[in-house]
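Below, each chain spelled out in residue letters.
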Amino acid sequence: MNAKILLLPGDGIGAEVVREGVRVLDAIAARYGHSFCYEEGLVGGAAIDAAGTPIPDETLRKLKTADAVFFGAVGGPKWDHAPVRPEAGLLRIRKELGVYANLRPAVLFPALASGSPLRADVVAGTDLLIVRELTGGLYFGKPKARDATKAVDTMTYTAAEVDRIARFAFRAAQGRRKILHSIDKANILETSRLWREVVTRLAPEYRDVTVHHMLVDTASMALVQRPTQFDVLVTENTFGDILSDEAAAVVGSIGLLPSASLGDAPPYFYEPVHGTAPDIAGQGIANPLGCILSAAMMLRYSFQLEREAAAIESAVARALDDGVRTKDLAGQSGVSTERMTNAILERLPRG
Ligand code: NAD
């Protein structure tokens, strides 16, 4: 197949891991007879430095002609006091693309069971999918304002927004172990009460799925007490952001987690869950696996290349089984970003 992929590397380790993801995509293209062509765009701090805005018009134009968007991460201390912060570029892209469903799988690779901060018997078998609402809630609600003594953020959800993300999650659960936890704060928040009502109303349409409603504070506790009880979790934007970092820690490192952001029509958006990691940027030691696994999700969801996606995922599992680890997983004995990717390339099938 032929596909045009827009690369938005961004800042810090974002650029370092996207480079590795492209090496894996190129290997897949060569081995399975596909042709991926790449365009590159500026976003985040890099775009502020080059063009004075975190999301130049040129990048917005490129979004419209891409088949899929492959993103690194944006932000860093250098731009913390910029009039418009780098993260605004990312939020604008999500909104422009209408990618309201952010899928964040957190799977424990058996080889990493001893690397979890949790006991191996607690974490063994963890395989969950967080479906995070991505284009609403606190991150987008208006009014949003501050002056010297007061700040306002607004959490808004419409029933239609909850309906579409909940349906997405019900369908995802149908394709997995058929357990759906809907996470909210319905004891306090009006938006959560609406959320719970909509999910409850939809449940009879998906009778094969068992639905549990759970408060977000309880869910954050349950994730570390018994992560294996979860299959699919669906939740609003902010709760999903926080719980997915927690899930990342449970399975070993935030550097491992991929994500796909989908909407009603392509192009869809793929990025590792982590940020720009200013503490390790420029050292060539970032874990590229979250980004490489995001490339696998792109092959699966944007291009329906299931065999190729599975080939990447199994190469990652085998590299970890063989003991290859970056420093976030192995400390000083860990390998570089580039060598981790080499280990994946060596374990990809010939096609
Ligand atoms: P972070 O995810 O960048 O880093 C948190 C910790 O995890 C750091 O110790 C870092 O070294 C480590 N880490 C993260 N990814 C890693 C990887 N691939 N390999 C090895 N170690 C890894 O989060 P942060 O430090 O809170 O944020 C840093 C910057 O990134 C901030 O400017 C923040 O706004 C931005 N950020 C951007 C995104 C995004 O673009 N999607 C997401 C989160 C944070």
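If you're wondering where the values come from, they're calculated on a predicted model, not measured in any experiment.

K.L.:
It is not clear to me how helix α1 (residues 13–32) should be interpreted in this structure. Could you clarify?
P.N.:
At 3.6 residues per turn, the α-helix brings residues three or four places apart onto the same side. Over its 20 residues, α1 extends 29 Å from the first C-alpha to the last, a length consistent with the 28 Å expected when each residue adds 1.5 Å. Of all 20 residues in α1, 14 are buried, a share of seventy percent or more.

K.L.:
Help me understand helix α9 (residues 237–251) in this model?
P.N.:
With 15 residues, α9 extends 21 Å between its outermost C-alpha atoms, agreeing within 8% with the 21 Å of an ideal straight helix rising 1.5 Å per residue. Within α9, eleven of the 15 residues are buried, which leaves the element mostly enclosed by the surrounding structure. Buried within α9 we find N237, T238, F239, G240, L243, S244, E246, A247, A248, V250 and V251. Where α9 begins, the capping side chain belongs to E236, and its oxygen is found 3.1 Å from the backbone nitrogen of T238. In the segment just after α9, G252 is the residue with positive phi, at about 130 degrees.

K.L.:
Where do I start with the site of the ligand in this structure?
P.N.:
With respect to spatial proximity, 21 residues lie near the ligand, and among them E87, G275, A277, D279 and N287 are the closest. A distance of 2.4 Å separates an oxygen atom of the ligand from a polar side-chain atom of E87. Between the ligand and G275 there is a distance of 2.8 Å, counted from an oxygen atom to a backbone nitrogen or oxygen. Contact with the protein chains hides 69% of the accessible area of the ligand, taken as 800 Å² for the molecule alone. Among the secondary structure elements, those contributing two or more residues to the shell around the ligand are β3 (68–73) and α4 (86–97).

K.L.:
I'm lost on the sheet that holds strand β11 (residues 258–262) in this one. Help?
P.N.:
Two pairing modes exist for strands in a sheet, parallel and antiparallel, and in both the strands are linked by backbone hydrogen bonds. In spatial order, the strands read β2-β1-β3-β12-β11-β4-β5-β10-β8-β9; together these ten strands make up an open sheet with mixed pairing. Whereas interior strands pair on both sides, the edge strands pair on one side only; in this sheet they are β2 (35–40) and β9 (210–215). Direction aside, neighbouring strands of the sheet carry axes that sit 25 degrees apart on average. Both β3 and strand β12 (residues 268–272) contribute to a ladder of three bridges, which runs parallel. Each bridged residue has a counterpart across the sheet, and for F70 the counterpart in β12 is Y270. Taken strand by strand, helix α3 (residues 57–65) contacts β1 (2–10), β2 and β3, and its axis lies near 150 degrees from that of β1.

K.L.:
Could you clarify how one ought to interpret the side chain of H34 in this entry?
P.N.:
Tracing the backbone shows H34 in the loop between α1 and β2. Here E308 takes part through its side chain, which lies 2.7 Å from a polar atom of the side chain of H34.

K.L.:
What exactly am I supposed to notice about unusual backbone geometry here?
P.N.:
Most peptide bonds adopt trans geometry, and most residues besides glycine take a negative phi value. Here K142 and P143 are connected by a cis peptide whose omega angle stands at 5 degrees. Turning to its location among the elements, P143 is positioned in strand β6 (residues 141–146). Note that the residue after P266, namely P267, is joined by a cis bond; omega there is 5 degrees. Within the element layout of this structure, P267 appears in the loop between β11 and β12. Here K178, not a glycine, exhibits a phi torsion of approximately 70 degrees, which is positive. With respect to the helices and strands, the residue K178 is situated in the loop between α6 (159–174) and β8 (179–184). Positive phi is not limited to glycine here, since A277 has a value of about 40 degrees. Along the chain, the position of A277 falls in the loop between β12 and α10 (289–301).

K.L.:
What am I meant to see in the pairing of β6 here?
P.N.:
Along any regular strand the residues' side chains alternate between the sheet's two faces. In the sheet, β6 pairs with strand β7 (residues 151–154) via three bridges, with the strands oriented antiparallel. When the bridges of β7 are listed, R146 appears paired with A151. Hairpin connection of β6 to β7: four residues between the antiparallel strands.

K.L.:
Would you mind going over the nonpolar core with me for this structure?
P.N.:
Generally speaking, soluble globular proteins have nonpolar side chains that are buried together. F36 and F70 are the most contacted members of the largest nonpolar core, which has 112 residues in total. At ten residues, the largest contribution of residues to this core is made by α1. Two domains each donate at least three residues to this core, and these are domain 1 (1–99 + 255–351) and domain 2 (117–251). Among residues more than four places away in sequence, those in contact with F36 are A3, I5, L25, I28, A29, L299, F303 and L305.

K.L.:
Which parts of the structure should I look at to understand the state of the cysteines?
P.N.:
When the sulfur atoms of two cysteines share a covalent bond, that bond is a disulfide. Applying the stated criterion to the full structure yields zero disulfides. Left without a disulfide partner, C37 is nearest to the cysteine sulfur of C291, which lies 18 Å away.

What counts and what doesn't
Residues numbered from 1 in each chain as written. Predicted model: local features only at pLDDT ≥ 70, side-chain atom pairs only at ≥ 80, totals over all residues. Heavy atoms only, no water. Helix = DSSP H or I, 4+ residues; strand = E, 2+ residues; numbered from the N terminus. Expected span 1.5 Å × (residues − 1). Buried < 20%, exposed > 50% of the residue type's maximum accessible area, 1.4 Å probe, protein only. Polar contact = N/O pair within 3.5 Å; in protein donor to acceptor, adjacent residues only side chain to side chain. Near = heavy atom within 4 Å. Areas by Shrake-Rupley, 256 points an atom, 1.4 Å probe, with all protein chains shown as cover. Pairing = 2+ DSSP bridges. Axes fitted to C-alpha atoms, helices over the stretch in contact; angles between N-to-C directions. Contact = heavy atoms within 4.5 Å. Core = buried A, V, L, I, M, F, W, Y, C linked by side-chain atoms within 4.5 Å. Domains from an automatic or database assignment. Disulfide = S-S within 2.5 Å.

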